Amino acid sequence: MSEWHVVWVPDPVKWGALPTEDILGVQNLPEAVARIGLRPGDPVYIRPDGTVDRDFLDFVRSEAFRNLERETKRNYGTDYRPLLTFLSSRGVSWREATQQDLADYRHWRCRAPENPRRISGTKWDREAAAYTKLFRWGKVYPLPVDVSRREDRAADSVSSRVSWLTPRTWGLWSDIGLRGHTRAGIAAPAWESRTEMRNTSFVQLLLSSGLRRQEGGALLTFELPAQRLRHGRYLHGRVAGALTRSKNSRTFYASVDSVGQVETYIESERAWAVQRAQAAGRYDRLPIMRLVTRVTHGLKPKVEWVDRAGIVGAQELSRLDWRERRWLFLEGPDGPEPAWLWLTEQGLPMEPDRWNSVFRRANLRCEEVLLSEEERKIGRNFRIAEVRGKTPYATPHSARHSMALYMLILLNELFESRYGLTKADRRDFALLFGDPWWLVKVLLGHADVETTKRHYLAPVSHLHLESLLAAVETTDENRDVEDLDDLFARLARETAGIQDIDFLLEAAS
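Read on for an overview of the structure. Keep in mind it's a predicted model, so treat the numbers as computed, not measured.

## Topic: the sheet that holds strand 7 (residues 290-295)
Whenever strands of a sheet pair, they do so through backbone hydrogen bonds, lying parallel or antiparallel. With mixed pairing, the five strands of this open sheet are ordered in space as 9-8-7-10-11. Strand pairing shows two members of the sheet lacking a second neighbour, strand 9 (312-316) and strand 11 (335-338), which therefore form its edges. Looking at each pair of strands side by side, their axes are set apart by 45° on average, direction ignored. Relative to strand 8 (residues 302-307), strand 7 is paired through five bridges, and the arrangement is antiparallel. By the bridge assignment, L291 is partnered in strand 8 with V306.

Below, the structure is given as structure tokens:
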């Protein structure tokens, strides 16, 4: 047997019930793990003979690996295991790996017909980056793989997978997938709607703001936007740097309607979940609770708290990551309640990655309603494009892509039609306020406008939006939504990858 295994150091609250007797001679396993320098989320590699690999323990505790984000650690840690297994099958340790070994491994992973689970070029590039970091740390020279070498990178790598739904299609997806409507537009008799308000509010907030899943999913109740812009249709708030990819705080904007939906959720569905949790004593049994005593204001707001042991603590709000935020509680009318905005039915913080399951169930619900029984029997990977096109498919990041597309089209429409700007006027306006690409870049929190163009909006960058928008006649200010719907329908017809309601309903009929 050459199979390697990996286990992950759990968070303090997730060790579960440990046996009272020693575990392999260790009395307190969490304490022993912390004593050797392992942290929650760190991988521990088990060799084929059942022993812990000490070399990898040193690597995991090194600066090269320790300073990675926890999600990156998870990804890299998962990538190392199949390589270690492959090398063991050859009787080679990773320190003895050669360029030929990695070339053979890459062929197996990416191109070998015998491999039923070949990976894409994008996935290989991520794995190559992980292996390069390991081999450089281990001083294995010449490097068996080096992600900086062009020949070691995949030619078919795609930097991002853009998924767009038009506003009307989001409405269809939400009605069927999250509200349990039938094709006739009415609620199904057996539909369970215990978390309907939470789910629809979250989707609307992401669609309105363009926040990433973790950014929107780890908001605290007192971070909900409250300050209105001058004309009152949008509110603005701050997303903490610890939740963003750049680790820089930024301003985000959300519509009054989407924030109003979230406030309704707080006052109804969320309040009931908190009451049930308090009645069941769930909060009393939590191993960690930090009761917030004060939230300061200013350029660097700070959260102050006291824990169960009476120890006082404080931290800048922007530096609290999503794991620490789960421990924050506020004193409510009936006792402590989570400061975390989105709660499970049990009244506990809903971790950001659990939103994937919500979207997955909504996609399945859309398939059940819009596809025939014969079409549903065909595995998703084997369905022809005509069948796949009959049902909308969304992910949390689709909301961000769709917001970016919507804002680009709207801003172009405002520049071209509403203001009647000439090319010279547009140039002067762009110098003062930035062109639509730059404004969308700011809304998304990108460091470079080229990132916005290349990764998010590339599929429509070839279109001549000016001429397309010029064809949309606007004679009544109250017809903005109708005109945009027509424009999105036209884009959906002429551009691959945009899901629009007309085509979905026509295909499903």
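Structure's up, so let's keep going.
## Side note on the pattern of salt bridges
A complete count under the given rule lists 25 salt bridges for this structure. E3 is the partner of R81 in a salt bridge, and the nearest nitrogen-oxygen pair spans 2.5 Å. On the criterion of sequence distance, the pair formed by R81 in helix 4 (residues 70-89) and E3 in the segment before strand 1 (5-8) is long-range, its members being 78 residues apart. One network of salt bridges, in which partners are shared, links D79, R109, K123, R126 and E127.

## Focus: the packing of helix 4 against helix 6 (residues 121-137)
In the contact formed by helix 4 and helix 6, the axes pass within 9 Å of each other and the chain directions differ by 85°. The angle between the axes of helix 4 and helix 6 places the two elements in the roughly perpendicular class. Mapping the contact onto sequence places N75, Y76, D79, Y80 and L83 in helix 4 and K123, R126, E127, A129, A130, Y131, K133, L134 and F135 in helix 6. Looking at side-chain class alone, the contact of helix 4 with helix 6 contains eight nonpolar, one polar and five charged residues.

## Some remarks on the packing of aromatic side chains
Counted by the stated rule, this structure contains 22 aromatic pairs. Note on Y45 and F56: the rings are 4.5 Å apart at their centroids and 50° apart in plane angle, and the pair reads as tilted. Here Y45 is found in strand 2 (residues 43-46), whereas its partner F56 is found in helix 2 (residues 54-61), with 11 residues between them in sequence. Here the aromatic rings of F202 and W342 are separated by 5.4 Å at their centres, their planes lie at 90°, and the arrangement is edge-to-face. Of the two residues, F202 is situated in helix 8 (residues 196-209) and W342 in the loop between strand 11 and helix 12 (355-370); the sequence distance between them amounts to 140 residues. Of the residues examined, F202 reaches a relative accessible area of 0% and is grouped as buried. One aromatic cluster in this structure is built from Y45, F56, F59, F65, Y80, F86, W94, Y105, W124, Y131, F135 and W137. It is R74 that lies over the ring of W8; its NZ or CZ is 4.1 Å from the centre.

## Looking at the side chain of D152
Mapped onto the elements, D152 comes out in the loop between helix 6 and strand 3 (164-165). The buried category is assigned to D152, whose relative accessible area is 12%. Only 2.8 Å separates the side chain of D152 from the backbone nitrogen of D146, close enough to count as a polar contact. Sequence-distant contacts of D152, that is, excluding residues within four places in its chain, are made with R106, W124, A128, V145 and D146.

Rules used throughout
Residues numbered from 1 in each chain as written. Predicted model: local features only at pLDDT ≥ 70, side-chain atom pairs only at ≥ 80, totals over all residues. Heavy atoms only, no water. Pairing = 2+ DSSP bridges. Helix = DSSP H or I, 4+ residues; strand = E, 2+ residues; numbered from the N terminus. Axes fitted to C-alpha atoms, helices over the stretch in contact; angles between N-to-C directions. Salt bridge = Lys/Arg side-chain N within 4 Å of Asp/Glu carboxyl O. Parallel < 35°, antiparallel > 145°, perpendicular 65-115°, else oblique. Contact = heavy atoms within 4.5 Å. Nonpolar A, V, L, I, M, F, W, Y, C, P; charged D, E, K, R; others polar. Phe/Tyr/Trp six-rings, centres within 6.5 Å; stacked < 30°, edge-to-face > 60°. Buried < 20%, exposed > 50% of the residue type's maximum accessible area, 1.4 Å probe, protein only. Lys NZ or Arg CZ within 6 Å of the ring centre and 35° of its normal. Polar contact = N/O pair within 3.5 Å; in protein donor to acceptor, adjacent residues only side chain to side chain.

These values are about where atoms sit, not about what they do.
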